[in-house]
Amino acid sequence: MSDRLRTGIEVLDRKLDGGIPPGSVVVLAANPASQAELFLYELTATRGTLYLSLDRSGDFVSNSIDDAETKTGDPTVRDVTGEAPLDNAAKLVSALPEDSNLIIDPVDVLERQEPTRYRNFLNELQNHIYNTGGLALLHCLDGHSVPELRDTTEHMADIVFQLDTSVKGDRIENHLAVPKFRGGQALSDIIKLELSDEVDIDTSRDIA
């Protein structure tokens, strides 16, 4: 579909009929030990991107993107620090121009703020992304300490990607599920991915 926004990951864009509808808020839930950052980095190559870093320094993120061997763009990277991360993030989001990407990495810091204020932030984010025809990707860490407001994040998101990373024998396997696709059809099958220098489909065969 011509009006879809590409994610930069060819196999995923094909499965999603060209990409993601403009104005969507997307959750990428992944284990902290996975290489989910490759999804974020490849997304920066598709259009202008504002990258909000909640834990790593902006310089570290910029250097990681520059050093990535996959195709990346030249995103604007900003630290979201201080005692009012929701307010600081909201100010940056409100200035996001038309047809842009927004990456929040990780959103966990914001999910640990006061519930009512966090819901207000998500509503304002959703309205701005919808009105500007952009795409927001919220990186959610599915680790040992998941914030209580994670259900709120996934409920309000338009699309949910779940990346499962596991060790099978002498291989690391990555499986991507899309259980939620508001305004479209969720994928009925799981995509087996190869996460190395870039995100690609894993064409290897399992050996029983």
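The following paragraphs examine the structure supplied in this document. (Residues numbered from 1 in each chain as written. Predicted model: local features only at pLDDT ≥ 70, side-chain atom pairs only at ≥ 80, totals over all residues. Heavy atoms only, no water.)

## Concerning the pattern of salt bridges
Phase 1: If you walk through the whole model with that rule in mind, you get nine salt bridges.
Phase 2: The partner of R117 in a salt bridge is D87, with the nearest N and O atoms 2.6 Å apart. Here R117, found in helix 6 (residues 115-132), pairs with D87, found in helix 4 (residues 85-94); they are 30 residues apart in sequence, far enough to count as distant.
Phase 3: Two residues, D158 and R182, come together in a salt bridge whose shortest N-O distance is 3.3 Å. A residue pair is termed long-range when its members are at least 10 positions apart, and D158 in the loop between helix 7 (150-156) and strand 6 (159-168) and R182 in the loop between strand 7 (171-181) and strand 8 (191-195) qualify at 24 residues.
Phase 4: For D158, a relative accessible area of 11% corresponds to the buried category. (Salt bridge = Lys/Arg side-chain N within 4 Å of Asp/Glu carboxyl O. Helix = DSSP H or I, 4+ residues; strand = E, 2+ residues; numbered from the N terminus. Buried < 20%, exposed > 50% of the residue type's maximum accessible area, 1.4 Å probe, protein only.)

## Quick word on the side chain of S100
Phase 1: Mapped onto the secondary structure, S100 falls in the loop between helix 4 and strand 4 (101-105).
Phase 2: A relative accessible area of 6% means that S100 is categorised as buried.
Phase 3: Engagement of the side chain of S100 in a polar contact is seen with the backbone oxygen of P97, the distance being 3.2 Å.
Phase 4: Among the polar contacts made by the side chain of S100, one reaches the main-chain carbonyl oxygen of E98 at a distance of 3.2 Å.
Phase 5: Those residues in contact with S100 that sit more than four places away from it in its chain are R47, G48, G134 and L135. (Polar contact = N/O pair within 3.5 Å; in protein donor to acceptor, adjacent residues only side chain to side chain. Contact = heavy atoms within 4.5 Å.)

On their own, these measurements won't tell you what the molecule is for.
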